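Chains, contacts and geometry: an overview
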Amino acid sequence: MIIEDIQHGFRGAMRRLASTVSLISCSDGAERYGITVTAVTSVCAEPAAVLVCVNKSASIHDPLVAEGNFYLNLLCSNQISLSEAFSGKMKGRERFELGKWETGRNGQPFLVDAQANLFCLIDSVVHYGTHSVVIARVKEVRLAEGIAPLIYQDGKYAATAPLPEFT
Ligand SMILES: Cc1cc2nc3c(=O)[nH]c(=O)nc-3n(C[C@H](O)[C@H](O)[C@H](O)COP(=O)(O)O)c2cc1C
């Protein structure tokens, strides 16, 4: 079925695009900033690089671009409350009172009990519509045991389960 209203159709299609929920975090030395993101993708492995789309109106946007580095923290399926806090339920530094945060050697805050933490150096920022597409090289990787991503699809949180033929 063709949806004539592109905005309506686009939103409907994006509800079908399941994504892992992450937090991006950074500090300018005085203040910590962080938001929930799903617009994240692996760009390539050589060099190891990711891209994140960040709304220009988000509180982290300007400090992120100014600092030029950040952590990408991949959330576990039991960390919905962190996703909610970092997407507006809590504001500013109070977001960092939830979960266990430490400061890396690079001075940036990372979520200790995330599935994975990628410390990234920004290579390029492409402005597109309401967002900045931030392309960044991965400079440090921390991995937790096991893989249990928090998924966002159809406006709801979900967890993954392998299909029977792959178990
Ligand atoms: C599941 C989920 C995914 C989101 N993904 C993104 C994203 O990829 N990029 C983005 O800029 N905002 C995204 N947001 C919205 C921001 O997390 C939200 O607007 C945040 O509160 C902005 O930070 P601020 O309130 O400090 O300005 C997402 C929100 C949710 C709930």
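Each remark here, short or long, concerns the structure printed above.
Attention in this report is confined to the structure presented alongside it. As the structure is a computational prediction, the values presented were derived from the model and not from experiment.

Here is what the cut-offs are and how they apply
- Residues numbered from 1 in each chain as written.
- Predicted model: local features only at pLDDT ≥ 70, side-chain atom pairs only at ≥ 80, totals over all residues.
- Buried ≥ 20, exposed ≤ 12 C-beta atoms within 10 Å, placed from the backbone.
- Helix = DSSP H or I, 4+ residues; strand = E, 2+ residues; numbered from the N terminus.
- Arc of directions from axis to C-beta.
- Contact = placed C-beta atoms within 7 Å.
- Near = placed C-beta within 6 Å.
- Nonpolar A, V, L, I, M, F, W, Y, C, P; charged D, E, K, R; others polar.
- Core = buried A, V, L, I, M, F, W, Y, C linked by C-beta atoms within 7 Å.

Let us look at helix α3 (residues 80-89). Along α3, the residues that are buried comprise Leu82, Ala85 and Phe86. Viewed end-on, α3 has its buried residues packed into an arc of 85°, placing them on one side of the element. Exposed residues on α3 whose side chains face more than 90 degrees from its buried face are Ser81 and Gly88. Summarising the contacts, the buried residues of α3 are in contact with β2 (22-27) and β3 (32-37).

Let us now look at the site of the ligand. Lining the immediate surroundings of the ligand are 15 residues, of which Val37, Ala39, Asn55, Ser59 and Ser87 lie closest. Elements that contribute at least two residues to the shell around the ligand include exactly β3, β5 (48-55) and α3. Residues of the shell around the ligand, tallied by class, amount to 8 nonpolar, 7 polar and no charged.

Of all hydrophobic cores here, the largest spans 30 residues; its most connected members are Leu23, Ile24, Ile60, Phe70, Tyr71, Leu72 and Leu75. For this core, the element with the highest residue contribution is strand β6 (residues 69-74), accounting for 4 residues. What Leu72 contacts, discounting residues up to four positions off in sequence, is Ser22, Ile24, Val40, Val50, Val52, Leu118 and Cys120.

What is shown is where atoms sit, not what they do.
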